[in-house]
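# Fold and contact review
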Amino acid sequence: NSFVTRTNTCGELRSAHVGQKVTLYGWVQYQRQGLFLVLRDFQGLTQVIIPQDEAHSHVKELLSNAPVESVVRVTGTVSPRPLGQQNPKMPTGDIEVKAETAEILNSCKKLPFEIKDFIKKSEALRMQYRYLDLRSSRLQANLRLRSGVVMRMREYLCNLHGFVDVETPTLFKRTPGGAKEFLVPSREAGKFYSLPQSPQQFKQLLMIGGLDRYFQVARCYRDEGSRPDRQPEFTQIDIEMSFVDQAGIQRLIEGLLQHSWPEDRGSIVTPFPSMTYEEALAEYGTDKPDTRFGMKIVDISDVLRGSNIHFVQNALSYPHGSIRAICIPQGMRYLTNKDLESLKESAKSQFNQEIMEIICRPDGSLKSLLTKFLGEKEQSELIQALSMQEDDVVLLAAGEHKQVCSALGALRLLSADLLEAAGLTLRDPTAFHFLWVVDFPLFLPKAENPTELESAHHPFTAPHPSDASLLYSDPTKVRSQHYDLVLNGNEVGGGSIRIHSAEQQRFVLEKVLKEDSEVLSHLIEALEFGAPPHGGIALGLDRLISLIVDAPSIRDVIAFPKSFRGRDLMGNAPDYVTPEELEPYHIQVSWPLEEKEAKKN
């Protein structure tokens, strides 16, 4: 209550305050028949008794007629609630304030929706009236928790470990590779700034500048279009250190998260487990495994190698062919035939992967199109390999290793969704399973042209020391010093040890990635002036906070997010500008024909 004219907030009055005269400010949450109202502010709710005597008739008229969500000031005396009228669900439920004077500071017009968490509101309406949506207790709690986490992160990094908080430029130039960047026109004809997708180059330059330890709560920008649960502008906790290795960065982040973790979310155990990229793909079919539940992918190639099944032998004849499966516990009990068909259809449409099902009957025998091709010994080995029990359903896939694993990994998550929708709890929403994924490939084939390579992380990532020589002979086999932090199946952080040799950086850009190194000439030149070995990481703050509070979308932990299509529905941005405003930037808009006609009309 420092610096303001209230004596107390609406959430702090208790029995100990009985008899005190108080002044409260807040919004009218609820009013009942001119007898009492509930006043709300950021901290909570207080019941205010509306006076009924003639001497205070003006106060009664004022408060009885105040529309819901109007802003009012109330001065009165704290009293105990009558016996039997206490509300144990309210922290202020033992008291009420008997109003003596009141003032409506601002009346509220008819609301587009009720300010209550349990009232369903469309996403578009919430975005359009975001300032009203922010009054909900859920969003208030999310933003305050976020603020507290960031404050403790600053404390840990700056006060305990000597990091320097540095703001880096928002207007920069295009970076090769990675996500698409937003362009900002300049007054020089044909020249544009780019909004950086991360402060990557700047933090490396700060290490070359001798700062040793840098961090920033950084605003980042990516023009990724309509991607679900992504934002065109987002926030990351950006970190870089000199003279550090992978293990050092990992220990730093574990300590940072332990220190900043909200107390009411339990404690987190360190060190976090670690898994290689190849292990993650083989066991979970993804580089961001959700380790809160089992249903791991099992390699059954050896069990079926001796069978006469044509598609099995065909798959195993390829260099990277394999037969793998997942076992859905109690699948027959919780999943319908329609569910199983939808799982198979999903694998077919997304991964072009055929799926075969095997069901374990109550008597322990197997039901499948495959069983007539398998002897008793093979069936027994299959049951043992997959730890099958009564009513379990196995989904089997054969083909190229990565495709098979990716398809089964997706089916593993879809199956978990279906089982939980049917009432079987697999993933504890209160559990937090952190995991480091390491030893990623340094390069991957481009999706549009597999003969060309692109960086798996970004072009500044250093090769694994054991694979450094392969960089010049067979770059596809090189592992990187890139590490991702995964929480409950979501990537919440990613980083790497960087290339600090100008010669190696130029080779990666020009010879491996076939990029024009001139775009990065400033960084390559800087590496020639005594660049220290360095590495870093960025934590996705929006994603991390949304997982901590179990929000359905990252939009629920951002004060003013953009819509699914990247629009600000409240301010109607992006918006048109006039040709006169574009003139200094040497830009003319070429309108599609249908938009030309629409503008004419």
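Under the annotation held in an unreviewed UniProt entry, the chain carries the name SYDM protein and is attributed to Catharus fuscescens. If you open the UniProt record of the chain and go to Sequence similarities (unreviewed entry), you find "Belongs to the class-II aminoacyl-tRNA synthetase family. Type 1 subfamily."

The mixed closed barrel is built from five strands, whose spatial order is β1-β2-β3-β5-β4. Adjacent strand axes in the sheet meet at a mean angle of 55°, parallel and antiparallel pairs treated alike.

This next bit is on the nonpolar core. Ranked by internal contacts, the top residues of the largest apolar core, which has 50 residues, are I239, I253, L257, F434 and L485. At six residues, helix α4 (residues 137–161) tops the list of elements feeding residues into this core. Other than its neighbours up to four places away in sequence, I239 contacts L157, F163, K203, Y214, F215, L252, I253, L256, R498, G536 and I537. In terms of nonpolar packing, the next biggest core, distinct from the first, is built from 23 residues, A397, V404, L408 and L426 among them.

Take the sheet that holds strand β13 (residues 321–328) next. Taken in spatial order, the five strands line up as β12-β13-β16-β14-β15 in an open sheet, and their pairing is antiparallel. Here the strands that pair on one side only, and so sit at the sheet edges, are β12 (298–299) and β15 (366–367). Each of β13, β14 (356–360) and β16 (393–400) is contacted by helix α11 (residues 337–351), which is oriented at about 145° to β14, the strand it contacts most. Helix-sheet contacts for helix α13 (residues 401–421) involve β13 and β16, and the interaxial angle to β13 is about 10°.

Before going further, it helps to examine the packing of α11 against α13. Following both chains from N to C, one finds α11 and α13 inclined at 145°, their axes separated by 10 Å at the closest point. Remark: the crossing between α11 and α13 carries right-handed chirality. Residues D339, L343, S346, A347 and F351 of α11 lie in contact with α13, whose contacting residues are Q403, S406, A407, A410, L411, L414, S415 and L418. Among the residues forming the contact of α11 with α13, the class breakdown is eight nonpolar, four polar and one charged.

Here the focus is the packing of aromatic side chains. On inspection of all chains with the given rule, the structure shows ten aromatic pairs. For the pair F272 and F434, a centre-to-centre distance of 4.5 Å together with 10° between the ring planes defines the contact as stacked. Of the two residues, F272 sits in the loop between α6 (246–260) and β11 (274–276) while F434 sits in strand β17 (residues 434–438), which places them 162 residues apart along the sequence. The pair formed by F272 and F434 is uniform in burial state, with each residue classed as buried. Ring pairs connect the aromatic residues W261, F272, F432 and F434, which therefore count as one cluster. R412 extends its terminal NZ or CZ atom over the ring of F293, reaching a point 3.8 Å from the ring centre.

Before going further, it helps to examine the domain arrangement of the chain. If you check the domain split of the chain, you get domain 1 (15–106), domain 2 (139–275 + 433–556) and domain 3 (293–422). Computed over C-alpha atoms, the centres of domain 2 and domain 3 are 37 Å apart.

It is worth spelling out the pairing of strand β10 (residues 233–242) at this point. For β10, the buried fraction is high: nine of the ten residues fall into the buried class. In the sheet, strand β9 (residues 213–221) pairs with β10 via nine bridges, with the strands oriented antiparallel. Within β10, the position partnered with V217 by the bridge is I237.

It is worth spelling out unusual backbone geometry at this point. In the segment running from T270 into P271, the intervening peptide bond is cis, with an omega of -5°. The peptide bond linking A573 to P574 adopts the cis configuration, its omega dihedral lying at 0°. With respect to the helices, strands and loops of the structure, P574 is situated in the loop between α17 (541–548) and α18 (579–582).

Moving on to α4. Spanning 25 residues, α4 covers 35 Å between terminal C-alpha atoms, matching the ideal 36 Å at 1.5 Å per step. Within α4 the residues assigned to the buried category are L139, N142, L145, R146, G148, V149, V150, M153, Y156 and L157. Two residues or fewer past α4, G162 is found with a positive phi of approximately 70°.

Glancing now at the environment of H259. Tracing the backbone through its elements, the reader meets H259 in helix α6. Sequence spacing of H259 and L125 is 134 residues, and the spatial spacing of their C-alpha atoms is 37 Å.

Here we come to the side chain of E378. Relative to the helices and strands, E378 resides in helix α12 (residues 376–385). For the buried residue E378, which engages in no salt bridge, the nearest side chain bearing the opposite charge is K377, 7.4 Å off. Once you skip the residues sitting within four places of it in the chain, E378 turns out to touch V303, G306, S307 and F373.

Turning our eyes to something else, we now look at the environment of R6. Here R6 is to be found in the segment before β1 (21–32). Classification of R6 as partly exposed rests on a relative accessible area of 22%. Residues R6 and D467 lie 461 residues apart in sequence; the distance between their C-alpha atoms is 66 Å. The residues contacting R6, other than those within four sequence positions of it, are N1, T23, Y25 and F42. Among the polar contacts listed, one links the side chain of R6 to the side chain of N1, at a separation of 2.8 Å.

Conventions we followed
Residues numbered from 1 in each chain as written. Predicted model: local features only at pLDDT ≥ 70, side-chain atom pairs only at ≥ 80, totals over all residues. Heavy atoms only, no water. UniProt positions renumbered as here; feature names shortened; annotations may be inferred. Pairing = 2+ DSSP bridges. Helix = DSSP H or I, 4+ residues; strand = E, 2+ residues; numbered from the N terminus. Axes fitted to C-alpha atoms, helices over the stretch in contact; angles between N-to-C directions. Core = buried A, V, L, I, M, F, W, Y, C linked by side-chain atoms within 4.5 Å. Buried < 20%, exposed > 50% of the residue type's maximum accessible area, 1.4 Å probe, protein only. Contact = heavy atoms within 4.5 Å. Left-handed = near helix turned anticlockwise from the far one by under 90°. Nonpolar A, V, L, I, M, F, W, Y, C, P; charged D, E, K, R; others polar. Phe/Tyr/Trp six-rings, centres within 6.5 Å; stacked < 30°, edge-to-face > 60°. Lys NZ or Arg CZ within 6 Å of the ring centre and 35° of its normal. Domains from an automatic or database assignment. Expected span 1.5 Å × (residues − 1). Lys, Arg positive; Asp, Glu negative; His and termini not counted. Salt bridge = Lys/Arg side-chain N within 4 Å of Asp/Glu carboxyl O. Polar contact = N/O pair within 3.5 Å; in protein donor to acceptor, adjacent residues only side chain to side chain.

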